[in-house]
Amino acid sequence: MTGGCGTGTGSGRGDCKEVYAGMMGLLHAAGYFPDLQGWEREFPERAAEAFPELAREELCRQQKIVMRDVYGEILPGEEEAQYVRWMYFRMAEAVLGRMKGCRRLLFRYWKGY
(Lines give C-alpha, C1' and ligand atoms only; values in the text may rest on other atoms or scores of the structure.)
Protein backbone atom coordinates (compact mmCIF):
# COMPACT_ATOMS: atom_id res chain seq x y z
CA MET A 1 0.00 0.00 0.00
CA THR A 2 1.25 3.49 -0.79
CA GLY A 3 0.20 6.84 0.62
CA GLY A 4 -2.16 7.37 3.52
CA CYS A 5 -1.44 6.92 7.18
CA GLY A 6 1.15 4.68 8.67
CA THR A 7 2.90 3.91 5.42
CA GLY A 8 6.28 5.47 6.08
CA THR A 9 6.73 6.15 2.37
CA GLY A 10 8.96 9.16 2.94
CA SER A 11 6.60 11.30 0.87
CA GLY A 12 6.31 13.91 3.60
CA ARG A 13 2.96 12.65 4.82
CA GLY A 14 2.85 12.11 8.56
CA ASP A 15 1.24 9.17 10.22
CA CYS A 16 -2.33 9.79 11.34
CA LYS A 17 -1.39 8.82 14.88
CA GLU A 18 1.45 11.37 14.88
CA VAL A 19 -0.82 14.14 13.60
CA TYR A 20 -3.42 13.21 16.23
CA ALA A 21 -0.76 13.15 18.96
CA GLY A 22 0.28 16.63 17.82
CA MET A 23 -3.31 17.80 18.10
CA MET A 24 -3.56 16.41 21.62
CA GLY A 25 -0.25 18.09 22.48
CA LEU A 26 -1.70 21.38 21.23
CA LEU A 27 -4.79 20.92 23.39
CA HIS A 28 -2.79 19.97 26.48
CA ALA A 29 -0.36 22.88 26.02
CA ALA A 30 -3.34 25.24 25.81
CA GLY A 31 -4.80 23.76 29.01
CA TYR A 32 -7.63 21.72 27.47
CA PHE A 33 -8.43 18.15 28.52
CA PRO A 34 -5.40 17.37 30.70
CA ASP A 35 -7.22 14.25 31.87
CA LEU A 36 -7.68 12.82 28.34
CA GLN A 37 -5.30 11.31 25.81
CA GLY A 38 -7.72 11.42 22.87
CA TRP A 39 -8.48 7.71 22.70
CA GLU A 40 -11.27 7.85 25.26
CA ARG A 41 -14.84 7.37 24.20
CA GLU A 42 -15.87 10.72 25.72
CA PHE A 43 -13.21 12.78 23.94
CA PRO A 44 -15.26 13.71 20.83
CA GLU A 45 -18.23 14.76 22.97
CA ARG A 46 -16.15 16.89 25.34
CA ALA A 47 -14.19 18.46 22.49
CA ALA A 48 -17.40 19.31 20.61
CA GLU A 49 -18.76 20.95 23.76
CA ALA A 50 -15.59 23.02 24.20
CA PHE A 51 -15.35 23.88 20.49
CA PRO A 52 -18.87 24.14 18.99
CA GLU A 53 -17.41 24.87 15.55
CA LEU A 54 -16.27 21.22 15.44
CA ALA A 55 -19.07 18.68 15.24
CA ARG A 56 -18.97 15.58 17.43
CA GLU A 57 -19.43 13.43 14.32
CA GLU A 58 -16.34 14.97 12.70
CA LEU A 59 -14.29 14.35 15.84
CA CYS A 60 -15.59 10.76 16.05
CA ARG A 61 -14.60 10.15 12.42
CA GLN A 62 -11.10 11.53 13.06
CA GLN A 63 -10.72 9.38 16.18
CA LYS A 64 -11.88 6.23 14.33
CA ILE A 65 -9.41 6.82 11.49
CA VAL A 66 -6.55 7.22 13.95
CA MET A 67 -7.59 4.14 15.92
CA ARG A 68 -7.59 2.17 12.68
CA ASP A 69 -4.11 3.50 11.92
CA VAL A 70 -2.92 2.32 15.33
CA TYR A 71 -4.74 -1.02 15.58
CA GLY A 72 -6.31 -1.86 12.23
CA GLU A 73 -5.30 -4.46 9.69
CA ILE A 74 -6.29 -2.13 6.84
CA LEU A 75 -4.54 1.22 7.08
CA PRO A 76 -6.40 4.45 6.31
CA GLY A 77 -5.97 5.80 2.79
CA GLU A 78 -4.73 9.20 1.67
CA GLU A 79 -8.21 10.78 1.76
CA GLU A 80 -8.59 9.78 5.40
CA ALA A 81 -5.05 10.98 6.19
CA GLN A 82 -5.97 14.37 4.70
CA TYR A 83 -9.11 14.42 6.83
CA VAL A 84 -7.06 13.84 10.02
CA ARG A 85 -4.70 16.69 9.06
CA TRP A 86 -7.63 18.96 8.16
CA MET A 87 -9.21 18.34 11.56
CA TYR A 88 -5.88 19.12 13.25
CA PHE A 89 -5.76 22.51 11.51
CA ARG A 90 -9.38 23.24 12.37
CA MET A 91 -8.71 22.39 16.01
CA ALA A 92 -5.62 24.62 16.01
CA GLU A 93 -7.68 27.50 14.58
CA ALA A 94 -10.34 26.96 17.25
CA VAL A 95 -7.79 26.93 20.07
CA LEU A 96 -5.86 29.94 18.76
CA GLY A 97 -9.10 31.79 18.13
CA ARG A 98 -9.83 31.69 21.85
CA MET A 99 -6.45 33.19 22.79
CA LYS A 100 -5.69 36.86 22.96
CA GLY A 101 -2.64 39.06 22.49
CA CYS A 102 0.73 37.94 23.80
CA ARG A 103 -0.48 34.49 24.82
CA ARG A 104 -1.60 33.78 21.25
CA LEU A 105 1.64 35.12 19.80
CA LEU A 106 3.80 33.10 22.19
CA PHE A 107 1.72 29.96 21.73
CA ARG A 108 1.82 30.19 17.96
CA TYR A 109 5.51 30.98 17.52
CA TRP A 110 7.24 29.77 20.68
CA LYS A 111 5.28 26.52 21.01
CA GLY A 112 5.06 26.18 17.23
CA TYR A 113 1.32 25.64 16.84
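Described in the following lines is the structure provided in the data block. Every value quoted in this text rests on a predicted model; they were computed, and no experiment measured them. (Residues numbered from 1 in each chain as written. Predicted model: local features only at pLDDT ≥ 70, side-chain atom pairs only at ≥ 80, totals over all residues. Heavy atoms only, no water.)

So, on to the overall build of the chain. Tallying secondary structure elements over the chain gives 5 helices and 0 strands in all. In the chain, the order of α-helices and β-strands from amino to carboxyl end is α-α-α-α-α. With 113 residues in all, the chain has 37% of them scored as buried. For the chain, the proportion of contacts with a sequence separation of at least 24, taken over those separated by at least 6, is 55%. Working note: accessible area of the chain is about 6,600 Å², and carbon and sulfur atoms make up 53% of it. (Helix = DSSP H or I, 4+ residues; strand = E, 2+ residues; numbered from the N terminus. Buried < 20%, exposed > 50% of the residue type's maximum accessible area, 1.4 Å probe, protein only. Contact = heavy atoms within 4.5 Å. Areas by Shrake-Rupley, 256 points an atom, 1.4 Å probe, with all protein chains shown as cover.)

Turning our eyes to something else, we now look at the nonpolar core. Among the nonpolar cores identified, the biggest contains 30 residues, and Leu27, Phe43, Phe51, Met91 and Val95 are the most heavily contacted of them. Mapped by element, the contributors of at least two residues to this core are α1 (16-29), α2 (43-50), α3 (56-71) and α4 (78-97). Ranked by the residues each element gives to this core, the list is headed by α4, at 10 residues. Apart from residues no more than four positions distant in its own chain, Leu27 is found in contact with Tyr32, Phe33, Phe43, Phe51, Met91 and Val95. (Core = buried A, V, L, I, M, F, W, Y, C linked by side-chain atoms within 4.5 Å.)

Taken as a whole, this structure holds 6 salt bridges when the rule is applied. Between Arg46 and Asp35 there is a salt bridge, and its shortest N-O distance comes to 2.9 Å. You can see Arg46 sitting in helix α2 and its partner Asp35 sitting in the loop between α1 and α2, a full 11 residues away along the chain. Among the salt bridges present, the one from Arg85 reaches Glu78, with a minimum N-O distance of 2.8 Å. Assessed through its relative accessible area of 23%, Glu78 is described here as partly exposed. (Salt bridge = Lys/Arg side-chain N within 4 Å of Asp/Glu carboxyl O.)

For the rest of this paragraph, the subject is the environment of Gln63. Its location among the elements puts Gln63 in helix α3. As a C-alpha pair, Gln63 and Trp39 span 24 residues in sequence and 7.1 Å in three-dimensional space. Once residues lying within four places of it in the same chain are set aside, the contact partners of Gln63 are Tyr20, Gly38, Trp39, Glu40, Phe43 and Pro44. Of the polar contacts made by the side chain of Gln63, one reaches the backbone oxygen of Glu40; its length is 2.9 Å. (Polar contact = N/O pair within 3.5 Å; in protein donor to acceptor, adjacent residues only side chain to side chain.)

Our focus in this paragraph is unusual backbone geometry. One non-glycine residue, Phe33, lies in positive phi territory at about 50°. Tracing the chain through its elements places Phe33 in the loop between α1 and α2. Look at Phe33 and you get buried, because its relative accessible area is 8%.

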